[in-house]
Amino acid sequence: MSARPSSTATLNEPLRAAPSPTTVTADARIPLRGHLRHTSALVRRNLLWIRQDPESMFDALLFPIVFTLLFVYVFGGSIGQSLGGGQQQYVQYVVPGLMAMMGMNMAQGVGTGFNQDFNSGVMDRFRSLPIGRGSVLFAKIAVELLRMLFATAVLLIVGVLVGFDITNWGGLLASVGLSVLFGSALMWIFLTLGVTMKNAQSVQAMGFLVLMPLQFGSSIFAPPGSMPGWLQAFTDYNPLSNLADAARGLMVGGPVAHDLWLTLGWSVALTAVMAPVAIHKFRTKS
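In this report, the structure presented in the accompanying data block is examined. The shown structure was predicted, so the numbers you read here are calculated from the model rather than taken from an experiment. (Residues numbered from 1 in each chain as written. Predicted model: local features only at pLDDT ≥ 70, side-chain atom pairs only at ≥ 80, totals over all residues. Heavy atoms only, no water.)

### Thoughts on the pattern of salt bridges
Line of reasoning, step 1. A complete count under the given rule lists three salt bridges for this structure.
Line of reasoning, step 2. For D59, the salt bridge is made with R147, and the minimal N-O distance between the two is 2.9 Å. You can see D59 sitting in helix α2 (residues 58–74) and its partner R147 sitting in helix α6 (residues 133–161), a full 88 residues away along the chain.
Line of reasoning, step 3. Residue classification places D59 among the partly exposed residues on the basis of a relative accessible area of 34%.
Line of reasoning, step 4. By relative accessible area, R147 is classed as buried at 6%.
Line of reasoning, step 5. Linking R147 and E144 is a salt bridge whose minimum nitrogen-to-oxygen distance equals 3.0 Å. Of this pair, R147 and E144 both sit in helix α6, three residues apart, which is roughly one turn of that helix. Neither R147 nor E144 differs from the other in exposure class; each is buried.
Line of reasoning, step 6. Overlapping salt bridges bring together D59, E144 and R147 as one network. (Salt bridge = Lys/Arg side-chain N within 4 Å of Asp/Glu carboxyl O. Helix = DSSP H or I, 4+ residues; strand = E, 2+ residues; numbered from the N terminus. Buried < 20%, exposed > 50% of the residue type's maximum accessible area, 1.4 Å probe, protein only.)

See below:
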């Protein structure tokens, strides 16, 4: 076996019992068990690829470390005073916010990686196989969610090291689950971009234009009370603010219900709209 696994090497065994391409003309012809088998095979393929290319995990490892240390030690003192405390108070504020940020950054990565797979010809090979088209996308999201959980674990470890106090473990688990749900919804948007845009640089540029206003025009890093009125109105409707505030309420105490329901609503709506679009674009891409 070569040093790097073939794009389809790990698919051979699970797909031997699959119908031939001449008998499979649409996803509807493949039973649910077949979709699940194909998805699990593709998840295994992607995990093997990560094992052969551990550098692909650098973003999930370094992003939470760099951002936590940067915001805690650069802005922690001044913003912490505005919160009625100091750096320790800011740590309690920003760590749940960074959890909300995690999903969006991991979602951008799935879009660029998906686009690169198209340009390298991997996706052409997948689409020539008798597998459910949705299985390719679901497997991609499943692996990215695992990367997101890894990044969240790193974030919490660094947060504890700089003074974050975990007092509600149930709320912590609920916050992680909420972040994963919202992150998976965002991934459908970036998968659509990965299919429709010409190259990975275009996906990154589009992601940057979306990420920056949503991240910094939110309550992730600082309370919106000192922002101009028009920007406060934007943060009120920003789903990242809803997720960050819901995570804070669950982890450190405070109002939860309003932001929780809004985050769930955003997650369901984005998935319901963008998942069919991404699958359709993938199936019809020439």
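Now that the structure has been shown, the text picks up again.
### Some points on empty space enclosed by the protein
Line of reasoning, step 1. As enumerated under the stated definition, the model contains one cavity of 30 Å³ or more in all.
Line of reasoning, step 2. The space that makes up the largest cavity amounts to roughly 40 Å³.
Line of reasoning, step 3. Lining of the largest cavity is provided by L42, R45, N46, M123, F126, V136, A139 and K140.
Line of reasoning, step 4. Every element with two or more residues in the lining of the largest cavity is listed here: α1 (32–52), α5 (122–128) and α6.
Line of reasoning, step 5. Here the lining of the largest cavity is composed, by residue class, of five nonpolar, one polar and two charged. (1 Å grid on protein atoms, 1.4 Å probe; cavity = no way out; pocket = protein on both sides within 12 Å on 5 of 7 lines; lining within 4 Å. Points joined across faces, edges and corners; volume = space filled by probe spheres on them. Nonpolar A, V, L, I, M, F, W, Y, C, P; charged D, E, K, R; others polar.)

### Focus: a nonpolar patch on the surface
Line of reasoning, step 1. Taken together, F58, L61, L62, V66, L70, V74, F75 and F150 make up a surface patch of nonpolar side chains, about 680 Å² in accessible area.
Line of reasoning, step 2. Within the secondary structure layout, V74 lies in helix α2.
Line of reasoning, step 3. Given the relative accessible area of 51%, V74 is considered exposed. (Patch = residues over 30% accessible without salt bridge, like charges linked within 9 Å, V, L, I, M, F, W, Y side chains within 5 Å. Areas by Shrake-Rupley, 256 points an atom, 1.4 Å probe, with all protein chains shown as cover.)

### Topic: the layout of surface pockets
Line of reasoning, step 1. By volume, the largest pocket is sized at about 540 Å³.
Line of reasoning, step 2. Mapped by element, the contributors of at least two residues to the lining of the largest pocket are α1, α4 (87–120) and α6.
Line of reasoning, step 3. The biggest single contributor to the lining of the largest pocket is α4, with seven residues.
Line of reasoning, step 4. Considered class by class, the residues forming the lining of the largest pocket number five nonpolar, nine polar and eight charged.

### Here we look at the nonpolar core
Line of reasoning, step 1. F114 and W188 are the most contacted members of the largest nonpolar core, which totals 71 residues.
Line of reasoning, step 2. Top contributing element to this core by residue count: α4, with 16 residues.
Line of reasoning, step 3. Contact partners of W188, with chain neighbours within four places excluded, come to L137, F138, I141, T271, M274, A275, A278 and I279. (Core = buried A, V, L, I, M, F, W, Y, C linked by side-chain atoms within 4.5 Å. Contact = heavy atoms within 4.5 Å.)

### Here we look at the side chain of T192
Line of reasoning, step 1. Relative to the assigned elements, T192 resides in helix α7 (residues 169–196).
Line of reasoning, step 2. The exposure class assigned to T192 is buried, which follows from its relative accessible area of 9%.
Line of reasoning, step 3. Within the structure, T192 has its side chain in polar contact with the backbone oxygen of W188 (distance 2.9 Å).
Line of reasoning, step 4. If we ignore the near neighbours within four places in the chain, the residues touching T192 are M274, V277 and A278. (Polar contact = N/O pair within 3.5 Å; in protein donor to acceptor, adjacent residues only side chain to side chain.)

### A word on the packing of aromatic side chains
Line of reasoning, step 1. Summed over all chains, the structure comprises eight aromatic pairs.
Line of reasoning, step 2. Ring geometry for F71 and F75: centres 5.4 Å apart, planes at 35°, overall tilted.
Line of reasoning, step 3. What makes F71 buried here is its relative accessible area of 6%.
Line of reasoning, step 4. The exposure class assigned to F75 is partly exposed, which follows from its relative accessible area of 34%.
Line of reasoning, step 5. Aromatic pair F114 and F282: ring centres 5.7 Å apart, planes at 45°, arrangement tilted. Taken together, the positions of F114 in helix α4 and F282 in helix α11 (residues 257–284) put the pair 168 residues apart, joining distant regions of the chain.
Line of reasoning, step 6. Of the aromatic side chains, those joined through ring pairs into one cluster are F63, F67, F71, F75, F216 and F221.
Line of reasoning, step 7. Above the face of the W49 ring, R45 is positioned so that its terminal group lies 5.6 Å from the ring centre.
Line of reasoning, step 8. The side chain of R248 reaches across the aromatic face of Y93, ending 3.6 Å from its centre. (Phe/Tyr/Trp six-rings, centres within 6.5 Å; stacked < 30°, edge-to-face > 60°. Lys NZ or Arg CZ within 6 Å of the ring centre and 35° of its normal.)

### With respect to the packing of α4 against helix α8 (residues 200–216)
Line of reasoning, step 1. At their nearest, the axes of α4 and α8 sit 9 Å apart, and the two run at 170° to each other. When the axis of α4 is compared with that of α8, the two are roughly antiparallel. Of the residues in α8, those in contact with M101, M104, N105, Q108, G111, T112, N115, Q116 and N119 of α4 are A200, V203, Q204, G207, F208, L211, L214 and Q215.
Line of reasoning, step 2. Here the residues of the contact of α4 with α8 sort into seven nonpolar, 10 polar and no charged. (Axes fitted to C-alpha atoms, helices over the stretch in contact; angles between N-to-C directions. Parallel < 35°, antiparallel > 145°, perpendicular 65-115°, else oblique.)

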